[in-house]
Amino acid sequence: MLYPHISCSSLSLPLSFLERAAVGDARMLATTAFRLVGKRALSTSICLRGAHGVAKVEDYSLPAYFDRRESPLPEIKFVQQLSAEQKSLKEKEKGSWAALSKEEKIELYRISFKESFAEMNQGSGEWKSVVAGIFFFVGLTGLVVLWQRKFVYGDVPNTFDPEYKQKEIQRMLDMRINPVQGFSAKWDYENNAWKK
Amino acid sequence: MSLAKPAMRGLLAKRLRFHLPIAFALSLCAAAAFKFAVSDPRKKAYADFYTQYDSTKEFNAMREAGIFESARPSGE
């Protein structure tokens, strides 16, 4: 059986490795992972698998660039397609770094990284919107609760009537509820009145 | 463009040396404040209450108020 040959029209360096050869099977998915150190395959790269047709490599399956404090070195450089000046700068980088000017060093940094740590860590004003949203929805909920209290709930039980409440308090005093520091401690039993 | 090398070791020890005494001091202050503001006054209040407490008198007062089921007021 002919061993299928995989060829890709991507910018692969001689360093490319981990090309898993697909054994002849009509249902080949694009699961072959291309780990390219430093460069990533162009999103438009197409892989020809033997005689079976093309399989497009999706963007999300390729290494991505992101600025994160906890992983300081992303898998790929930020700028993929270098302009002419950037290419010449990269050539210059291969020589002595002392010969690079400050602007060139910064330009090299910006080729590899999108935002510096200071830029990526800076705060935003988003919290103001969040707090405003919190207040708004709490207020709205308050209105809803007020409406509920008026139109949904029925009457309270008779135990809330003032006469009933008075009898309750009298009974609590008779029972000497919390006589040391609490309820009955505040009642003057001699004069039948609350202590001044 | 030569910055000083930042501290690489002993970061936790340095932080603890600073924060632990403060933590201990604050905890002790909190405990002392609670003792003097809450526990001691409460103990004194209870002690004072029970030195002047006549349980028989209180029982009779409660009985006359009619709260007991098994000891009805003397009138009934």
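Residues numbered from 1 in each chain as written. Chains lettered and ligands numbered in written order. Predicted model: local features only at pLDDT ≥ 70, side-chain atom pairs only at ≥ 80, totals over all residues. Heavy atoms only, no water.

Participant: Would you mind showing me how to read the overall build of chain A here?
Facilitator: Per the secondary structure count, chain A includes 5 helices and 5 strands. Looking at chain A residue by residue over its 196 residues, the buried ones come to 18%. Pairs at least 24 apart in sequence give 39% of the contacts found in chain A among residues at least 6 apart. Taken as a whole, chain A presents about 15500 Å² of accessible surface, with 60% of it coming from carbon and sulfur. (Helix = DSSP H or I, 4+ residues; strand = E, 2+ residues; numbered from the N terminus. Buried < 20%, exposed > 50% of the residue type's maximum accessible area, 1.4 Å probe, protein only. Contact = heavy atoms within 4.5 Å. Areas by Shrake-Rupley, 256 points an atom, 1.4 Å probe, with all protein chains shown as cover.)

Participant: Explain the overall build of chain B to me, please; I cannot follow it from the model alone.
Facilitator: The helix and strand tally for chain B stands at 2 helices and 0 strands. Sorting the 76 residues of chain B into buried and exposed places 7% on the buried side. Here chain B has roughly 6800 Å² of accessible surface; of this, 64% comes from carbon and sulfur atoms.

Participant: I tried to follow a nonpolar patch on the surface on my own but got confused; where do I start?
Facilitator: On the surface, A:Trp127, A:Val130, A:Val131, A:Ile134, A:Phe135 and A:Val138 cluster together into a nonpolar patch covering about 610 Å² of accessible area. The residue A:Val138 is located in helix 4 (residues 126-151) in this model. (Patch = residues over 30% accessible without salt bridge, like charges linked within 9 Å, V, L, I, M, F, W, Y side chains within 5 Å. Salt bridge = Lys/Arg side-chain N within 4 Å of Asp/Glu carboxyl O.)

Participant: So what exactly am I meant to see when it comes to the confidence of the model for chain B here?
Facilitator: It should be kept in mind that the predicted coordinates are not to be read in detail where pLDDT is low. Mean pLDDT over chain B works out to 95, with 99% of the residues at or above the 70 mark. The ipTM value of the predicted complex is 0.78, and its pTM value is 0.54. (pLDDT = per-residue confidence, 0-100.)

Participant: Looking at this structure, how should I read the interface of chain A and chain B?
Facilitator: How large an interface is tends to be reported as the accessible area lost when its parts come together. Counting residues at the interface gives 7 residues for chain A and 10 residues for chain B. Summed over the three residues of chain A that lose the most area to chain B, namely A:Arg176, A:Val180 and A:Gln181, the buried surface amounts to 57% of that side. In this structure, B:Glu58 and A:Arg176 form a salt bridge, with 3.0 Å as the shortest nitrogen-oxygen distance. Among the residues making up the side of chain A that touches chain B, the classes are represented as 3 nonpolar, 1 polar and 3 charged. (Buried area = accessible area lost by both parts, 1.4 Å probe. Nonpolar A, V, L, I, M, F, W, Y, C, P; charged D, E, K, R; others polar.)

Participant: Please clarify how helix 2 (residues 102-112) of chain A should be interpreted in this entry.
Facilitator: An α-helix turns once per 3.6 residues; consequently, residues spaced three or four apart project the same way. Residue and element names in this part refer to chain A. Of the positions making up helix 2, those classed as buried are Leu108, Ile111 and Ser112. Down the axis of helix 2, the buried side of the element spans an arc of 95°, and every buried residue falls inside it. Of the exposed residues in helix 2, the ones pointing more than 90 degrees away from its buried face are Lys102 and Glu103. Check the buried side of helix 2 and you find it contacts helix 1 (84-93). (Arc of directions from axis to C-beta.)

Participant: Whenever I open this one, the pattern of salt bridges confuses me. Can you help?
Facilitator: Should the charged atoms of two oppositely charged side chains come close, the side chains can pair. Residue and element names in this part refer to chain A. Going through the model one piece at a time under the given rule, you end up with 8 salt bridges over all chains. A salt bridge links Lys94 to Glu91; the shortest N-O distance between them is 3.3 Å. For Arg110, the salt bridge is made with Glu119, and the minimal N-O distance between the two is 2.9 Å. Judged by its relative accessible area of 31%, Arg110 is partly exposed.

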